[in-house]
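Structural features, examined
Residue strings, one per chain:
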Protein chains: 2
Amino acid sequence: MGVAVPIRRVAVVGAGSWGTTLGVLLAPRVSTTLWARRPEVAEEVLRQRTNRAYLQGEVLPDELSCTASLEDALAGAELVVVAVPSHGFRAVLDEAAAHVALGVPVVSVTKGLEPGTRRRMTEIIGELLPGHPAGALTGPNLAGEVLAGHPSASVLAMADEAHAARVQAVFHTPTLRIYTNPDVVGCEVAGAVKNVIAIAAGMVEGMGFGDNTKAMVVTRGLAELTRLGVALGGDARTFAGLAGMGDLVATCSSARSRNHEVGVALGRGKPVAEVLAGTLTVAEGVRTSAVVAEVAADLGVEMPLVDQVRLVCHEGATAADAVEALLARPATSELR
Amino acid sequence: MGVAVPIRRVAVVGAGSWGTTLGVLLAPRVSTTLWARRPEVAEEVLRQRTNRAYLQGEVLPDELSCTASLEDALAGAELVVVAVPSHGFRAVLDEAAAHVALGVPVVSVTKGLEPGTRRRMTEIIGELLPGHPAGALTGPNLAGEVLAGHPSASVLAMADEAHAARVQAVFHTPTLRIYTNPDVVGCEVAGAVKNVIAIAAGMVEGMGFGDNTKAMVVTRGLAELTRLGVALGGDARTFAGLAGMGDLVATCSSARSRNHEVGVALGRGKPVAEVLAGTLTVAEGVRTSAVVAEVAADLGVEMPLVDQVRLVCHEGATAADAVEALLARPATSELR
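Residues numbered from 1 in each chain as written. Chains lettered and ligands numbered in written order. Predicted model: local features only at pLDDT ≥ 70, side-chain atom pairs only at ≥ 80, totals over all residues. Heavy atoms only, no water.

Expressed as a screw transformation, the operator carrying chain A onto chain B has a rotation angle of 180 degrees and an axial translation of 0.0 Å, and the superposed copies differ by an RMSD of 0.0 Å. Taken together, the rotation angle and the small translation identify this as a two-fold axis. Within chain A, the C-alpha atom positioned nearest to the axis of rotation is that of Ala240(A), 3.0 Å from it. In this assembly, 100% of the residues forming the interface of chain A have copies in chain B that are likewise at the interface, indicating an isologous arrangement. (Least-squares fit on C-alpha atoms with pLDDT ≥ 70 in both. Contact = heavy atoms within 4.5 Å.)

Have a look at this one:
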């Protein structure tokens, strides 16, 4: 492609852990404003240069601006990054829409499907901001490690190559490598479903099984995620890449993943109500397991692992029941 | 398929850790004889029901027969399983060939390429035992976990479906699930190259980087493994399955993998000579990195991770040099 006009101003909508992390990364290089829903968080970011609730122990750069006004955050933005949870995504974007300038690209960094509608985040962007190039930034991104400067890679999923190159240039650094991928559907489905597989991987770990078993769960989990993603219109290669396999492997390895942690507790035999009661944040995969199982049933896609996670999370089955049911299935050809 | 004649007698050629493990699994269900190169190992297996050098602490089942005579081991065998290291594979098979009955399937469980010729193990079987159905059993199989009865899955790669179904029936148990795959080339290439990627994953771990970085190495490693495998005639789906991703994930997670362990030591800055001198067994990936780099260069396939592992293992580069070189590469589109 030829020389593109660089993006000079970014609004990051959502001051949770990942939104704030992106603000920290972007601010020294491009004018960046973070939107925090709660004014006291915006105050804290501006005055104390911290966001203790979401980025414990991190000092934020002076260049990062922050406001609780969506209008102020979005004024003059040439790129909008949306980092709010899937259940609040539509409401925030609806309020934001009036303040986003024509033609400005809007990128979701949220991994999930909208409860009820089962929509992907870029579908919601398309509904509320029609005509804006929509994209998703996804992949193996544990915020703490990215901030520590550990080499990481992400995928920017956007259908339009020229817009993708402009957005890629904003995010790419020597240690956070951004790969583009035109397969938006595949990238978003992968990001949502991998949380369910991470619960399954945590379960077998909690039951005391080793690396073979976990590798089997991760691999067969990716196979069913791929079947669903392809049925929904995704590209099979996406699922073998950073948004699929990469994110799945990182989530299933990390002690810091909430979904993985929930699976481990379930595998140890803790009742599901107790596991979910024990924390403030609900693991996305718990909710997603039910939504994905519905979508899969509608499309006639077999997803035995997702189905077992759903039974354990929502129907009172135990992790031991789940493993027994899975092992009773006949083994067939891998490439069928 | 219709009703196939079951396999009634198996010879396992090679009494290392994986060969002995397969003997332990098979013997209670089908007449099984293990061949040990050294008579004292055969004696130990028969008299003491142990193989301490390779399966520390394991009591072998009474049904497992063992001999140091290849002729005796192969007499009446209806399936031959070859479990000797890649550098000794040809010599042992050459000696065995005269004793294998016509049409008996021969299955390799060795992961590697023959030094010098760069041949896959089933290619050597095809040369020395032409006309015999040849296959490879591969996937995420840490012997200790399989023996402990942890749920595991393997891939049986055989071109002929009817033969594959017969062999699958011999190995399949409720906890060791055997999936068939007609893509022999892909399965064998994956098994060999994953050891090189495991060294790279170990290196970033040894340097103190976290789960994002490792997930990136594993994912981009699988991408280059896939490029090579497809160029050699493999099916892209194989690499996303148990023989590719599954084995890679297990090897890169396991503290018990020799290749992973070598990578960690290199990442901590230990000189390569010292790392390799410290152990009896050479990690297969060290040797394979040089062979694979040659094959890739011949085919014009880009393999930046394999190349960096080769430079560290054979050309005096440090792990830090390798990471720096990799991060200096431009990030492009994932699906190019």
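Residue and element names in this part refer to chain B. Examined against the element boundaries, Arg310 turns out to sit in helix H15 (residues 304-314). Remark: the alpha-carbon pair of Arg310 and Ala265, spanning 45 residues in sequence, is separated by 15 Å. If sequence neighbours within four positions are ignored, Arg310 has contacts with Ser289, Ala290, Ala293 and Glu315. (Helix = DSSP H or I, 4+ residues; strand = E, 2+ residues; numbered from the N terminus.)

In sheet architecture, strand pairing relies on hydrogen bonds along the backbone and comes in two forms, parallel and antiparallel. All names here are of chain A. Ordered in space as E3-E2-E1-E4-E5-E6-E7-E8, the 8 strands form an open sheet in which the pairing is mixed. Both outer strands of the open sheet, strand E3 (65-67) and strand E8 (176-181), are each paired with one neighbouring strand and no more. Along the sheet, successive strands turn relative to each other by an average axial angle of 25 degrees, direction set aside. As paired strands, strand E5 (residues 106-108) and strand E6 (residues 134-138) are joined by 3 bridges and run parallel to one another. By the bridge assignment for E6, Ser108 is matched with Ala136. Relative to the sheet, helix H1 (residues 17-26) contacts strand E1 (9-13), strand E2 (31-35), strand E4 (79-82), E6 and E8, its axis offset from that of E2 by approximately 165 degrees. (Pairing = 2+ DSSP bridges. Axes fitted to C-alpha atoms, helices over the stretch in contact; angles between N-to-C directions.)

Our focus in this paragraph is the packing of helix H15 (residues 304-314) of chain A against helix H16 (residues 319-327) of chain A. All names here are of chain A. The interhelical angle for the contact between H15 and H16, taken along N-to-C directions, is 155 degrees, at an axis separation of 9 Å. Here H16 runs roughly antiparallel to H15, going by the angle between their axes. The hand of the H15/H16 crossing is right-handed. Counting all contacts with H15, which are made through Pro304, Leu305, Gln308 and Val312, the residues of H16 involved are Ala319, Asp321, Ala322, Ala325 and Leu326. (Parallel < 35°, antiparallel > 145°, perpendicular 65-115°, else oblique. Left-handed = near helix turned anticlockwise from the far one by under 90°.)

Let us now look at the interface of chain A and chain B. The partner chain B presents 55 residues to the 55 residues of chain A that form the contact. Buried surface at the junction of chain A and chain B, both sides included, amounts to about 4500 Å², of which 60% is carbon and sulfur. At the boundary of chain A with chain B, the tally comes to 0 salt bridges. Summed over the shared surface of chain A and chain B, the number is 18 residue pairs in polar contact (both at pLDDT 80 or more). Contributing elements (two or more residues each) for the side of chain A that touches chain B: helix H6 (143-147), strand E7 (152-158), E8, helix H9 (211-231), helix H10 (236-239), helix H11 (242-253) and H16 of chain A. The element contributing the most residues to the side of chain A that touches chain B is H9(A), with 9 residues. (Buried area = accessible area lost by both parts, 1.4 Å probe. Salt bridge = Lys/Arg side-chain N within 4 Å of Asp/Glu carboxyl O. Polar contact = N/O pair within 3.5 Å; in protein donor to acceptor, adjacent residues only side chain to side chain.)

To continue, consider the sheet that holds strand E4 (residues 79-82) of chain B. Residue and element names in this part refer to chain B. Here we have 8 strands laid out as an open sheet, ordered E3-E2-E1-E4-E5-E6-E7-E8, and mixed in their pairing. In the strand order of this sheet, the two ends are held by strand E3 (65-67) and strand E8 (176-181), each with one partner. Looking at each pair of strands side by side, their axes are set apart by 25 degrees on average, direction ignored.

All names here are of chain B. Along its 23 residues, helix H8 (residues 184-206) runs 34 Å from first to last C-alpha, staying within 8% of the 33 Å computed at 1.5 Å per residue. Remark: the principal bend of H8, roughly 30 degrees, maps to Lys194. Its side-chain oxygen 2.9 Å from the backbone nitrogen of Gly186, Asp183 forms the N-cap of H8. Where H8 ends, the next residue or the one after it, Gly208, has phi of about 95 degrees, a positive value. (Expected span 1.5 Å × (residues − 1). Bend = angle between axes of the 7 residues up to and from the residue.)

Moving on: the nonpolar core. One finds Val193(A), Leu228(A), Met245(A), Val193(B), Leu228(B) and Met245(B) to be the most contacted residues of the largest nonpolar core, which totals 95 residues. If we ignore the near neighbours within four places in the chain, the residues touching Val193(A) are Leu225(A), Leu228(A), Val292(A), Met303(A) and Val306(A). (Core = buried A, V, L, I, M, F, W, Y, C linked by side-chain atoms within 4.5 Å. Buried < 20%, exposed > 50% of the residue type's maximum accessible area, 1.4 Å probe, protein only.)

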